[in-house]
Amino acid sequence: MNNFKKGILFSALFSGLIFIGCSNDNNDDDLMGNWIKKSAFDGPARSSATSFVIGDYAYVATGYTGDEYLKDLWSYNSTGDYWEQKADFSGVGRSSASSFTLNGKGYVGLGYDGTNRLKDFYQYDPASNSWIQKTDFAGTGRFGAVGFQAGGKAYFGTGYDGNYLKDFYQYNDQTNSWTLVNGFGGNKRRNATAFVIGDKAYLVTGSNNAVYQEDFWEFDPATEVWTRKRDINKNTDDDYTYNDDYAIVRSNASSFSMSGLGYVVGGESIKTIWEYNPTTDLWVERTPMEGATRTDAVGFAINNRGFYMLGRVGSTYFDDTWEFKPLEEQNDNDN
């Protein structure tokens, strides 16, 4: 091939690469949502922590630094944007625990301490800044389970006890007891995530034997009925086709809900965030997380404000905190 033809070919290839690069950038620029960096977490950087929200405060407990399984508890003041250390969790240090809030108290249990899969369970009282051990979880010791409270009822379910699990149990704080809840028809999984909209909970993502799960479920605690929603993979039905970049399927993601919408963010080697509308049963992609890609992070919402923090990539652990504003345009100059 002569030099002239080589030049034409090179120019065409170079132009094509520029076009592809610009197209991807433009796609990101077209997405709504902005990430604002908040006050860094005051405790050690970590992954696999757990969190619960009481009133104006979020509480972050336990986790793993890469060397140590932790049992500290920290409170985030969302109004003042600062952290305070609270009374240490009274169980052993652990990672991949589960939690929920019920009647003004926080509850933490399950997890992994480096040797054992755990089933102990504890209540935190913010008024007295103290922990009390409660009745052990009624299922098997496990980690990577989900915890949530919806309609005034609280639950732990799924996870890994040496096998992948799909069972759910309800906790009654009046009787300090657990009851098996039947009827979940979804796949077994660990490292799923759950968010609550109104009085219903939504379970999504996770993995089973290294296979990412694509089924998506809504739970109504009033009837204890699980309803399968549209799967989160690419849908070939012409009436409900998602865009070509549709990619919600993942594990170790985080989630929260705001203004009647659910959000799933991050996960293994992913920094995208997707917004779920329960009215349409459809997802919309929003501006990707502006910090580092991470897995095993924490997500929560306080007074209709969504936050995402901590986590790791490889052996690097993070202590940053971010707030997501879905109605704002992305701004590179505000962090």
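Every value quoted in this text rests on a predicted model; they were computed, and no experiment measured them.

On to the overall build of the protein chain. Regarding its fold elements, the protein chain presents 1 helix and 28 strands. Within the protein chain, buried positions represent 50% of all 335 residues. Residue pairs at least 24 apart in sequence account for 51% of intrachain contacts in the protein chain once pairs closer than 6 positions are excluded. Only carbon and sulfur atoms are counted for the fraction: they give 46% of the accessible area of the protein chain, which is about 15,000 Å².

The full count for this structure, using the stated rule, is 52 aromatic pairs. Between the aromatic rings of Phe52 and Tyr59, the centroid separation amounts to 5.2 Å while the plane-to-plane angle is 15 degrees, which identifies the pairing as stacked. As far as burial versus exposure is concerned, Phe52 and Tyr59 are alike and both buried. Three or more aromatic residues link up through ring pairs in this structure, and these residues are Phe100, Tyr107, Phe121, Phe137, Phe156, Tyr169, Tyr171 and Trp178. Its end group placed over the ring of Tyr160, Arg190 keeps NZ or CZ at 4.7 Å from the ring centre. Taking the ring centre of Phe318 as reference, the NZ or CZ of Arg294 above it sits at 4.4 Å.

With that settled, the discussion passes to the sheet that holds strand β6 (residues 98-102). Strand pairing in a sheet relies on backbone hydrogen bonds. The paired strands run either parallel or antiparallel. The 4 strands are arranged β6-β7-β8-β9 in an open sheet whose pairing can be described as antiparallel. Taken across any chain shown, the strands that pair with only one partner, and hence form the sheet edges, are β6 and β9 (130-134). Between one strand axis and the next, the sheet turns by 25 degrees as a mean value, whatever way the strands run.

Once that is clear, we can look at the nonpolar core. As a rule of thumb, soluble globular proteins bury nonpolar side chains together. Core analysis: the largest hydrophobic core is formed by 14 residues, its most contacted members being Val146, Phe148, Phe168, Phe184, Leu203, Phe219 and Trp226. Elements represented by at least two residues in this core include exactly β10 (146-150), β15 (200-204) and β18 (217-220). Ignoring sequence-local partners within four residues, the contact set of Leu203 consists of Val146, Thr158, Phe168, Phe184, Arg189, Ala192, Thr193, Asp215, Phe216, Trp217 and Trp226. Core analysis: the next-biggest nonpolar cluster, separate from the first, contains 13 residues, Phe41, Ala49, Trp83 and Phe300 among them.

Attention now goes to the pairing of strand β21 (residues 261-265). Within β21, 5 of the 5 residues are buried, which leaves the element mostly enclosed by the surrounding structure. Residues Leu261, Tyr263 and Val265 point to one face of β21 and Gly262 and Val264 to the other, with burial holding for every one of them. Here strand β20 (residues 254-258) folds back onto β21 in antiparallel fashion, the turn holding 2 residues, of which Ser259 has a positive phi close to 50 degrees. Here β21 pairs with strand β22 (residues 273-277) via 4 bridges, running antiparallel. Note on β22: the bridge partner recorded for Val265 is Ile273.

Cut-off values and rules
- Residues numbered from 1 in each chain as written.
- Predicted model: local features only at pLDDT ≥ 70, side-chain atom pairs only at ≥ 80, totals over all residues.
- Heavy atoms only, no water.
- Helix = DSSP H or I, 4+ residues; strand = E, 2+ residues; numbered from the N terminus.
- Buried < 20%, exposed > 50% of the residue type's maximum accessible area, 1.4 Å probe, protein only.
- Contact = heavy atoms within 4.5 Å.
- Areas by Shrake-Rupley, 256 points an atom, 1.4 Å probe, with all protein chains shown as cover.
- Phe/Tyr/Trp six-rings, centres within 6.5 Å; stacked < 30°, edge-to-face > 60°.
- Lys NZ or Arg CZ within 6 Å of the ring centre and 35° of its normal.
- Pairing = 2+ DSSP bridges.
- Axes fitted to C-alpha atoms, helices over the stretch in contact; angles between N-to-C directions.
- Core = buried A, V, L, I, M, F, W, Y, C linked by side-chain atoms within 4.5 Å.

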